[in-house]
Amino acid sequence: MPATILVGTQWGDEGKGKATDLLAARTDFVVRYQGGNNAGHTVLAGGQLLKLHLIPSGILYPDVTPVLADGVVIDPKVLLEEMDALTDREIDPSRLAVSGNAHLIMPYHLAMDAVTERYLGKLKLGTTKRGIGPAYADKAMRLGLRVQDLTDPKIFREKLEVVLKEKNLVLSKVYNRLPLDGDSMAEDYLGYGERLAPHITDTAALLYEALRAGKRVLLEGAQGTLLDLDHGTYPFVTSSSPVAGGALAGSGLGPKEVDDVIGVTKAYVTRVGSGPFPTEDAGEAGRQMGEKGNEFGTTTGRARRCGWFDAVLLRYAVRINGLTELFLTKLDVLSGLPRLQICTAYRADDEVFEDVPPHQSLFHRAEPVYQRLSGWTEDLTAARRFQDLPPAAQAYVRRIEELAGVPVRYISVGPDREQTLEVTTSARHRRPA
Ligand code: IMP
């Protein structure tokens with residue numbers, strides 16, 4: 001049975017949690033392959049809203065095995081807090097599998113994330129301050145501590161001593177901070193290790209065997225295509241690879257294991273943190289999107305910047321990820337906007353670009369070329385079939401599909417699992433009523 005990859009096509013916050021939750025009902029394994037607790041989704045657990053940052057929402061299904069694979073960076077304190085919060089709501093987290101190769105976020109990573117952002121001043125990236133960038137930097141420097149180190153106190157202490165010596169020098173001499181205490185850090189982390197030990201396993205082998213046994217695997221990207229370290233709007237990106245290629249490297253599966261690559265795309269665009277955003281709307285429309293779409297970060301609570309749908313970026317995401325279908329979210333949020341617009345190209349330095357311009361400066365200066373579309377006033381939240389949508393909403397979806405060259409397979413019109421339309425091929429080709 002082939003695996004499916006689910007990725008965000010924008011700057012994160014496309015509603016991947018909702019998409020994963022829906023698809024998890026039809027899968028056996030839900031796998032995070034990159035990022036850490038910089039991500040976040042809100043789930044309904046035990047009748048209460050619960051924010052999860054690391055554990056995939058598949059945990060809510062008793063038959064699904066949630067996996068944190070090799071490419072993830074793990075703050076074990078946060079992970080254990082999430083597991084405890086689930087247990088409190090009578091959701092059993094014991095199925096969670098954690099790769100021994102995943103790197104650990106350490107207290108000095110959090111400290112470095114804070115001081116380096118402050119140091120950058122106006123040029124700051126607007127990170128989530130969860131220590132993600134410094135943890136991935138240490139991984140690339142071959143200075144990282146990994147989950148498997150937690151199971152060997154001698155090795156853990158030895159590695160920590162070497163690394164902490166350098167970190168404390170930087171923190172105190174460069175950034176004028178107090179040095180961190182290695183003994184208490186080791187004690188805390190080895191304690192976390194004891195609790196996590198039953199979950200630590202070779203997740204790449206687990207997934208390989210699962211696929212051989214005909215099980216269904218969903219590889220869930222965090223953040224989004226434009227936050228990818230290689231393919232995003234560098235340097236305003238995260239430090240890992242959310243794109244479909246990253247799913248293979250981060251989970252340890254080969255390319256032939258995957259058939260579908262689903263792109264989750266919001267019916268408008270949002271971005272948190274700094275960086276270029278050609279279709280940003282600082283006016284009334286952007287305000288409605290933010291308010292009605294409840295566009296505040298799950299992890300940091302920051303208000304997200306909002307803007308019009310950008311088909312140039314979607315086409316880019318289709319190409320970079322090899323998307324086979326789209327999951328369009330939050331279409332209901334656009335109800336009531338008198339007119340809509342979709343960016344179909346950019347204009348920069350008297351040139352028109354139908355793809356992302358080849359140089360960052362052109363992208364920073366890019367002016368959107370918009371196609372106007374009619375809005376609709378109807379509330380969409382009760383729609384359950386494509387045909388239930390008003391003609392203008394059908395036309396909006398169809399135009400996105402045309403511009404992307406990939407079918408929209410699902411449309412979400414509200415936060416509940418039931419508020420999702422599965423678009424059949426025949427519905428897609430029917431003329432609006
Ligand atoms: P970091 O991942 O905390 O290092 O932050 C780097 C950039 O990625 C910042 O602009 C963050 O706002 C952004 N970012 C990280 N995670 C998410 C996410 O889950 N959704 C949206 N933006 C994110």
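Residues numbered from 1 in each chain as written. Predicted model: local features only at pLDDT ≥ 70, side-chain atom pairs only at ≥ 80, totals over all residues. Heavy atoms only, no water.

**Here we look at helix α4 (residues 132–140)**
Moving on, step 1. If you check which residues of α4 are buried, you get Ile-132, Pro-134, Ala-135, Tyr-136 and Asp-138.
Moving on, step 2. Buried positions along α4 lie against β6 (73–74), β8 (103–104), α3 (107–120) and α5 (153–174).
Moving on, step 3. Positive phi shows up at Arg-142, right after α4, with a value of about 65°. (Buried < 20%, exposed > 50% of the residue type's maximum accessible area, 1.4 Å probe, protein only. Helix = DSSP H or I, 4+ residues; strand = E, 2+ residues; numbered from the N terminus. Contact = heavy atoms within 4.5 Å.)

**Points about the side chain of Ser-57**
Moving on, step 1. With respect to the element layout, Ser-57 can be found in the loop between β4 (48–52) and β5 (65–68).
Moving on, step 2. In this view, Ser-57 contacts Gly-17, Thr-20, Asp-21, His-41, Val-43 and Leu-52; residues no more than four positions away in its chain are not counted.

**Focus: the site of the ligand**
Moving on, step 1. Of all residues adjacent to the ligand, which total 15 residues, the nearest are Asp-13, Asn-38, Thr-128, Thr-238 and Arg-302.
Moving on, step 2. Here Asn-38 contributes a side-chain N or O atom positioned 2.9 Å from an oxygen atom of the ligand.
Moving on, step 3. Note that an oxygen atom of the ligand is positioned 2.6 Å from one of the side-chain N or O atoms of Thr-128.
Moving on, step 4. Burial of the ligand by the surrounding chains reaches 96%, relative to a free accessible area of 470 Å².
Moving on, step 5. Along the lines of polarity and charge, the residues of the shell around the ligand split into 6 nonpolar, 7 polar and 2 charged.
Moving on, step 6. Both domains that furnish three or more residues to the shell around the ligand are identified here as domain 1 (103–196) and domain 2 (263–429). (Near = heavy atom within 4 Å. Polar contact = N/O pair within 3.5 Å; in protein donor to acceptor, adjacent residues only side chain to side chain. Areas by Shrake-Rupley, 256 points an atom, 1.4 Å probe, with all protein chains shown as cover. Nonpolar A, V, L, I, M, F, W, Y, C, P; charged D, E, K, R; others polar. Domains from an automatic or database assignment.)

**Looking at the domain arrangement of the protein**
Moving on, step 1. Splitting the protein by domain gives domain 1 (103–196) and domain 2 (263–429).
Moving on, step 2. Relative placement of domain 1 and domain 2: their C-alpha centres are 38 Å apart.
Moving on, step 3. Carbon and sulfur atoms make up 41% of the surface buried where domain 1 meets domain 2, a total of about 370 Å² over both sides.
Moving on, step 4. When the buried area of domain 1 at its contact with domain 2 is split by residue, Gly-126, Thr-128 and Arg-130 rank highest and sum to 70% of it.
Moving on, step 5. Scanning the region where domain 1 abuts domain 2 turns up 0 salt bridges.
Moving on, step 6. In this structure, the connection of domain 1 to domain 2 is made through 3 residue pairs in polar contact (both at pLDDT 80 or more). (Buried area = accessible area lost by both parts, 1.4 Å probe. Salt bridge = Lys/Arg side-chain N within 4 Å of Asp/Glu carboxyl O.)

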